Amino acid sequence: MMTYSNKINTFLLLTSFLLTFVACSSDEGNGNDYLTFTSDVELLPKGTAPEVVTSLKELTLKFNEPISQSTLEKNITISKLIPEDGSLEDVTSTMTISLLAGSQDIVVIHPNNNQEFEAGICFQVSISQNLESLASHFLQTPFEGYFYTSNLLAEVYPSKNEIVIISDLHLGDPRSIEKGYCWFIDNRPYLIEFLDYLIAHKTSIKALVINGDMIDEWVAPMDTPTFADAQGNKLTEEQFFGEIVKANQAIVDKFKEVKAAGIEIVYVPGNHDMLTTASDFDKYFGKGVITQARDKAGLGKYEPTSDIVIEHGHRYDFYNAPDPLSNKNIDNVTAQSILPPGFFVTKVASTADLENANIPRALYRSSGTSEDKTKLNIDNNTANQLAYIASWVAILAKKPVKNMDAPILTGIDGYTGEYKLSDVVPSKSYKLYTDTHLSAKWAQRSVANGASPHVPFAEAIVAGAFNFVYEYLAYSQYYWNKKVRKQIVVFGHTHEAALTRGYDNCYIDATLYANPGTWIDKKWVGEKEQPRTFITIEAQELDNHRGYIFPERKVKLQRFHSKNNIELIKQRVIWKNW
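Residues numbered from 1 in each chain as written. Predicted model: local features only at pLDDT ≥ 70, side-chain atom pairs only at ≥ 80, totals over all residues. Heavy atoms only, no water.

Considerations on the overall build of the protein chain
Note the following rule: Per the convention used, a helix needs a DSSP run of H or I reaching at least four residues, while a strand needs a run of E reaching at least two, with both numbered from the N terminus. Residue contacts follow a heavy-atom distance rule, with two residues in contact if any of their heavy atoms lie within 4.5 Å. Residue burial considers only the protein chains on display, and all accessible areas are found by Shrake-Rupley using a 1.4 Å probe.
The secondary structure content of the protein chain amounts to 14 helices and 23 strands. Considering only contacts within the protein chain whose residues lie at least 6 apart along the sequence, 71% involve residues at least 24 apart. Looking at the protein chain as shown, the accessible area adds up to about 24200 Å², and 52% of this sits on carbon and sulfur atoms.

The following block contains the structure:
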């Protein structure tokens, strides 16, 4: 019988396949059997957060076929939601509903006498199955969708209420910049201009959150010791932090200007900077410039309001979650050492990137999985090891290095020696992380890192590979967990920007998963990712004074091109409903 871990593992892989299949075949088989339409305003189902629009004069519905004029009457209706009791008031008689002049497939709805839709109202648009096309086709099912009109938000929201979130800057040391393996060079002037943009809008921005991987202490090829200077001299972590600051001094100085402008700067640790300390930031940025959001060694989360949580997300990633348990009898590893196997993956990936400099860097984290244990008749730990081996095989296939026997120089977190891939990749003779895949060991590590509930191994081994897995983890850790219920969860780590709507299976309530993406240079990101993206949240606490239909906050996913060109990729509104 398949265990929960195998079911999740199989589910994740099948879901990935099915999503790809559906994306490729969604237009097939529909033909003209049913009448369909699109709207210029997003019309969303009941129980979700409706689209908020301002100064709306007309609503346009574009159908896939010409519409029979005689069936428009009574088959498209407009109602407004009454906040006091949740009832609907039919206001169709106050609207003009007609075909656009010169077109038979576009229906235009606007208030009579060319007035705008009333502000501060949630409207319902209903279309019955009796609406008919000239080809005698109908909707597959009756339609009901909602949108919200408001031009009052500026009066309601306080002026300084926005939280801006960026992630995965990956500032490198002087060697990485000189030798070309630094992930962040080309976007440096853009980041400085972006920080100037924030300063110019200081009256509306409350805080800038840097959601992990700000300081990159991991990216270095296999033949390069990690905590060392350009001459190869060994450095402490604090000294290496200083080298990175020195290489990015203009950016550090600009962060100080942001703080001086009255914008709080909050730092949440990521995996590439999990070894940094609060004293590092106080020493090199200035005491109090950066607010630290830490809760465990190498981990942290920031909760600006009662319903928002922001963390990097590596807490749930097998390869990149701090590992305070492994290798304690090896090298100079101490009880305080937390370096996970993802560090060695990064060393391999950095070497592969340099050797194949013309190949764009895809995410190096793997989606390895185990076989069906019911067929193999093996226990959890063996299945976990198969998954661990398979993931390394996938990593090396995606990031091949020319010399598989080349030494991996360390010099970080108690690791001082030279290792080979055969010491790290699971085999009969490997030395490092030999029992980290064991169910009990992973559970102990997950609990030590503050994951609640514990993340099963099958989910953790694929966590860094797919953004949709992180969306699932957001649900399991924060949406479905009644002890810490959050409405907005922001992760980083994947380098893939996202803003997706979720649903709470207990309360049928609107929730959001967001990811600000990355600022690393385009040549290092995968095909899907776009750098210089960020998230903005209106993060004030508000009384729900208009009943359950009043939006609590607006969330935007944007991309920075210049201070005069901010691209809005997606926008959602979260409604306070408990």
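Picking up where we left off.
Remarks on the pairing of strand 8 (residues 121–127)
Filter applied, for reference: Each residue is assigned to one of three classes by its accessible area relative to the maximum for its type, calculated with a 1.4 Å probe on protein chains only: buried under 20%, partly exposed between the two thresholds, exposed over 50%. Pairs of strands are assigned from DSSP output, requiring at least two bridges between the strands.
Taken across its seven residues, strand 8 has seven buried, putting it largely inside the fold. Of the two faces of strand 8, the one holding Ile121, Phe123, Val125 and Ile127 and the one holding Cys122, Gln124 and Ser126 are both buried throughout. The sheet contact formed by strand 4 (residues 76–81) and strand 8 spans five bridges and is antiparallel. Counted as the bridge partner of Thr77 is Ser126 from strand 8. Where strand 8 lies against strand 9 (residues 143–149), seven bridges are found, and the strand directions are antiparallel. By the bridge assignment for strand 9, Ser126 is matched with Glu144.

A word on the packing of aromatic side chains
What counts, and what does not: Whether two aromatic rings pair depends on their centres lying within 6.5 Å, for rings of Phe, Tyr and Trp, where Trp uses its six-membered ring; planes under 30 degrees apart make the pair stacked, over 60 edge-to-face, and the rest tilted. When the NZ atom of lysine or the CZ atom of arginine is within 6 Å of a ring's centre and also within 35 degrees of its normal, the charge is said to sit over that ring.
Applying the stated criterion across every chain, the model contains 35 aromatic pairs. Seen from their ring centres, Phe318 and Phe457 are 5.2 Å apart, and the 70° between their planes marks the pair as edge-to-face. Residue Phe318 is found in the loop between strand 14 (308–310) and helix 8 (342–355), and its partner Phe457 is found in helix 13 (residues 457–462); the two are separated by 139 residues along the sequence. Of the two residues, Phe318 and Phe457, neither departs from the other in class, the shared state being buried. Centre to centre, the rings of Tyr470 and Phe491 are 5.7 Å apart; their planes meet at 80°, and the pair counts as edge-to-face. Residue Tyr470 is located in helix 14 (residues 467–479), and its partner Phe491 is located in the loop between strand 17 (488–490) and strand 18 (498–503); the two are separated by 21 residues in the primary sequence. Feature note: the residues Trp218, Phe343, Phe344, Tyr415, Tyr419 and Tyr433 constitute an aromatic cluster, connected by ring pairs. Between the NZ or CZ atom of Arg445 and the centre of the ring of Phe318, over which it lies, the distance is 5.2 Å. Positioned above the aromatic ring of Tyr190, the side-chain terminus of Arg532 is 4.0 Å from the ring centre.

Things to note about the confidence of the model for the protein chain
One rule of thumb: low pLDDT means the predicted coordinates there are not for detailed reading. Quick reminder of the rule: A residue's pLDDT is simply how confident the predictor is in it, with values from 0 to 100.
Residue-level pLDDT values for the protein chain average 84, and 83% of them are 70 or greater. Contacts from residues 1–31, a stretch scored under 50 in pLDDT, to residues over four places away or in other chains number 32 contacts. Within the model, the stretch residues 358–377 combines pLDDT values under 50 with 73 contacts to residues more than four positions away or in other chains.

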